[in-house]
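The residues making up each chain are set out below.
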Amino acid sequence: MPTLDDILEHIGEFDLFQKRAFFVLCLLSASFTPIYVGIVFLGFTPEHRCFHPGIAELSSRCGWSLEEELNYTVPEHREHGESLSHQCRRYDMDWNTTGLSCTNPLENLTGYSNRSSIPLTPCQDGWVYDFSGSSIVTEFNLVCEDSWKLDLFQSCVNAGFFIGSISIGYIADRFGRKLCLLLTILVNSISGVLMAFAPSYRWMLIYRFIQGLVSKGGWLTGYILSKTEYAVGIILWKFYETQFSLNTHCYNDIFYFHIPVPDCLYCRCLPESPRWLIAQQKNDKAMKIINRIAKGNGKKLPPSLQSLNPDEEDGEKLSPSFLDLVRTPQIRKHTLILMYTWFTSSVLYQGLIMHMGIAGGNIYLDFFYSALVEFPAALILILTIDRIGRRYPWAAATLVAGSACLITAFVPDSIYWLKITAACLGRMGITMCYEMVCLVNAELYPTFLRNLGVLVCSSMCDIGGIITPFIVYRLAEVWHELPLIVFAVVGLIDGGLVLLLPETKGKTLPETIDDAENMHRYCTIYPKRNVSQTLFTKSA
C-alpha cells in the first residue's frame, strides 16, 4: 500500500493548491506584525508638560503664543534631569490668582526674580502632550512616576508569547493544526478589538496578555502547517512590516493598530494536516483532504493510490526528554549557544525598535527606513545560505549588528544621517541573525528531539522580550545611548559563540544523538532534501 509521501509526490508537494494555502497563511504575518513591533508606535512618548487649568485661562487672556506660554509657565531644565524638571514637575503656585501680569507672572506671583528658587510640585491635573495622534502613553498618562507601566505593557505580551507557544503547541498536537489555528485567530481578533476600546490600563494589560498568549502560538502553528518556500516567507514578512509603518503614518491613532486582519479565508482555504490525521488513525479523513489537494492541483489519483498506509518507522520509537538537550557534550553546547542566540536576537531586534521610538526623530520614517533594510537582509540570506553556508554569514551578521549599535551610541546627533545609517545596519544584521537561528536550530537536533529543542531554545526569545523594555526605557533615563552599549556587548559575544557551532550546509539532518554529536566531524557534504517543499508533509 502507498504511503503519504508516495501520494504527495504524485499530486504535487507544492503545487497550485498548496501555494494558495501558503499565501493565505502568510496573512498571519500581517496580524502578528503590529503585535510584535507595534510598541514603537503604541508606546510613543511625545513631549509633555504638566497641565493646569489656570495656565490655559491666563494664556488665553494674555494672547500668548505657545513659545511664550512655555517660557513663562514651564520649569527650566534642572541638574537632576530633564524628565523631573519640565515634564514631571510644575511650579508650586496658584495660577488662578487674579491680577497676574502677562509679561512676568512668576515674579509677580511669587516675588522670586530667580526661577530656580521657585519650589516645584508633581503634576496634579494631568499632562499636555505635543502630539496630534494618540498612543497608550497619552491615553493612560504612562509618564513620569507611571512610566514603568509602559515597560510592563510590552513585557506582558512577551510573557504571553512564552506561555502560549508551549500551551498552543500542545493543543495543536492534541486537537489538530487547523482547529488550533482558527481558535487562536478568533481569540486574537476579539482581544484586539477589545484592546482598542479598553476602558483602563488594567484591562489594556489583560487584553495585551491574551494577544500574546494566542498570537505567537497561532503563528507557530501556521508556520508548522506551511513550512515551505523559506525565501518567500521572509520577504512577505518584510513586506507586511513596511506596510505597517506606512499604515501607522496614515492612521495616527492607536485604534487602528488593533483592528484584526479579516480571517474568514482561513476556515475555507486551509485543510487539516493529512499527516496529523494519519497519526490520529483518521485515514478516511486524510484521504478526503488528499483528494481535495489533488483536485486543486488539477491531478487525479489513480486507483492504486486510493488507499493509504501509515508510514512505517524502523527501530524503537524514542520519547524526547529535557535531559537529552544537555546530556551529551555537543548537544549541550548547541543548546546553550542557541538559547543565548535566541535571547540576543530578541533583545537586539525588539530593543532597536523600542530605542527608535525614544530617539527623537520622525518615528514613522525611521521605522520605514529600518524596515526597508530588512529586504536586503532577506536577499543576502537567500544568496548565501546554500552557497557559503550558515555559520559565517550568521556570525558576520551578528558582529555587524553589535558593532552598529556601538557606532550609533557614539555618533553625535548633529551627524544624523550617519546615526540612522548605523542603526539601519544594526537592524539588518540582527534580522539576518533572527532568520538564521530559526533555520539552523532545527538542523542541529536529531529527529526525535527536534521539536523539543526548537521549543526550549526559542523560549529564550520570549525571556529576552520580557526584559528588553526595562533595558531600553530604564537605562535610557541614565544615559540615552546606554541601551545601545548593552546591545553591542550582547551582540558581539553572540557573534563569537556562533562560530563554535558546526556548519550544516548540505548535510543530512541528524536522525540520532550520535549523528548530532558527530556533526562537527563530518567533512563530506551529503545530498540533502530541499526543505523548501514540505507543505503538508514532513513538518505538518
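Residues numbered from 1 in each chain as written. Predicted model: local features only at pLDDT ≥ 70, side-chain atom pairs only at ≥ 80, totals over all residues. Heavy atoms only, no water.

Labelled according to an unreviewed UniProt entry, the chain appears under the name Solute carrier family 22 member 2, originating from Pelusios castaneus. As recorded by UniProt, the Sequence similarities (unreviewed entry) comment attached to the chain reads in full: "Belongs to the major facilitator (TC 2.A.1) superfamily. Organic cation transporter (TC 2.A.1.19) family." (UniProt positions renumbered as here; feature names shortened; annotations may be inferred.)

### What to know about the state of the cysteines
Taken as a whole, this structure holds three disulfides when the rule is applied. The side chain of Cys-50 participates in a disulfide bridge whose partner is Cys-123; the two sulfur atoms lie 1.6 Å from each other. Its torsion about the S-S bond being -60 degrees, the disulfide of Cys-50 and Cys-123 is classed as left-handed. One end of the pair, Cys-50, is in strand S1 (residues 48–50); the other, Cys-123, is in the loop between strand S3 (120–122) and strand S4 (127–129), with 73 residues separating them in the sequence. Residue Cys-50 shares its accessibility class with Cys-123, and that shared class is buried. Two residues, Cys-88 and Cys-144, share a disulfide whose sulfurs are 1.9 Å apart. (Disulfide = S-S within 2.5 Å. Helix = DSSP H or I, 4+ residues; strand = E, 2+ residues; numbered from the N terminus. Buried < 20%, exposed > 50% of the residue type's maximum accessible area, 1.4 Å probe, protein only.)

### As for the side chain of Glu-69
Tracing the backbone shows Glu-69 in helix H5 (residues 66–73). Of the side chains bearing the opposite charge, Arg-49 lies closest to the buried Glu-69, which forms no salt bridge; the N-O distance is 4.1 Å. (Lys, Arg positive; Asp, Glu negative; His and termini not counted. Salt bridge = Lys/Arg side-chain N within 4 Å of Asp/Glu carboxyl O.)

### Quick notes on a nonpolar patch on the surface
A surface patch of nonpolar side chains, about 430 Å² in accessible area, is lined by Leu-406, Phe-410, Val-478 and Trp-479. Mapped onto the fold, Phe-410 is located in helix H19 (residues 391–410). For Phe-410, a relative accessible area of 57% puts it in the exposed group. (Patch = residues over 30% accessible without salt bridge, like charges linked within 9 Å, V, L, I, M, F, W, Y side chains within 5 Å. Areas by Shrake-Rupley, 256 points an atom, 1.4 Å probe, with all protein chains shown as cover.)

### What to know about the packing of helix H1 (residues 4–11) against helix H15 (residues 283–296)
Geometrically, a packed helix pair is captured by the angle between its two axes and the distance between the axes. The N-to-C vectors of H1 and H15 enclose an angle of 20 degrees; their axes lie 10 Å apart at closest approach. Comparing their axes, H15 and H1 come out roughly parallel. Judged by the sense of rotation from one axis to the other, the crossing of H1 with H15 is right-handed. Contacts between H1 and H15 involve Leu-4, Ile-7 and Ile-11 on the former and, on the latter, Met-287, Ile-290, Ile-293 and Ala-294. (Axes fitted to C-alpha atoms, helices over the stretch in contact; angles between N-to-C directions. Parallel < 35°, antiparallel > 145°, perpendicular 65-115°, else oblique. Left-handed = near helix turned anticlockwise from the far one by under 90°. Contact = heavy atoms within 4.5 Å.)

### A look at the nonpolar core
By size, the foremost hydrophobic cluster in this structure holds 87 residues, and its most contacted members are Tyr-36, Phe-153, Leu-338, Trp-394 and Phe-487. Broken down by element, this core gets its largest block of residues, twelve residues, from helix H16 (residues 329–357). When near neighbours in sequence (up to four residues on either side) are disregarded, Phe-487 contacts Val-347, Leu-348, Gly-351, Leu-352, Cys-405, Ile-471 and Val-472. Ile-7, Met-287, Ile-289 and Ala-294 belong to the second largest nonpolar core, which has 15 residues in total. (Core = buried A, V, L, I, M, F, W, Y, C linked by side-chain atoms within 4.5 Å.)

### Looking at the packing of aromatic side chains
A ring pair, where both rings are aromatic, is described by two values, the distance of the centres and the angle of the planes. In total, this model carries five aromatic pairs according to the counting rule given. Between Trp-342 and Tyr-434, the ring centres sit 6.2 Å apart and the planes meet at 80 degrees, which makes this aromatic pair edge-to-face. Here Trp-342, found in helix H16, pairs with Tyr-434, found in helix H20 (residues 416–443); they are 92 residues apart in sequence, far enough to count as distant. Both residues of the pair, Trp-342 and Tyr-434, count as buried. Ring pairing ties together the aromatic residues Trp-342, Tyr-349 and Tyr-434, which thus form one cluster. Over the ring of Tyr-392 we find Arg-391, and its NZ or CZ is 5.0 Å from the ring centre. (Phe/Tyr/Trp six-rings, centres within 6.5 Å; stacked < 30°, edge-to-face > 60°. Lys NZ or Arg CZ within 6 Å of the ring centre and 35° of its normal.)

### Description of helix H4 (residues 53–62)
Along H4, the residues that are buried comprise Gly-54, Ile-55, Leu-58, Ser-59 and Cys-62. One face of H4 carries all of its buried residues, which in axial projection span an arc of 130 degrees. Exposed residues lying more than 90 degrees from the buried face of H4 are Glu-57, Ser-60 and Arg-61. Positioned one or two residues after H4, Gly-63 has a phi angle of 70 degrees, which is positive. (Arc of directions from axis to C-beta.)

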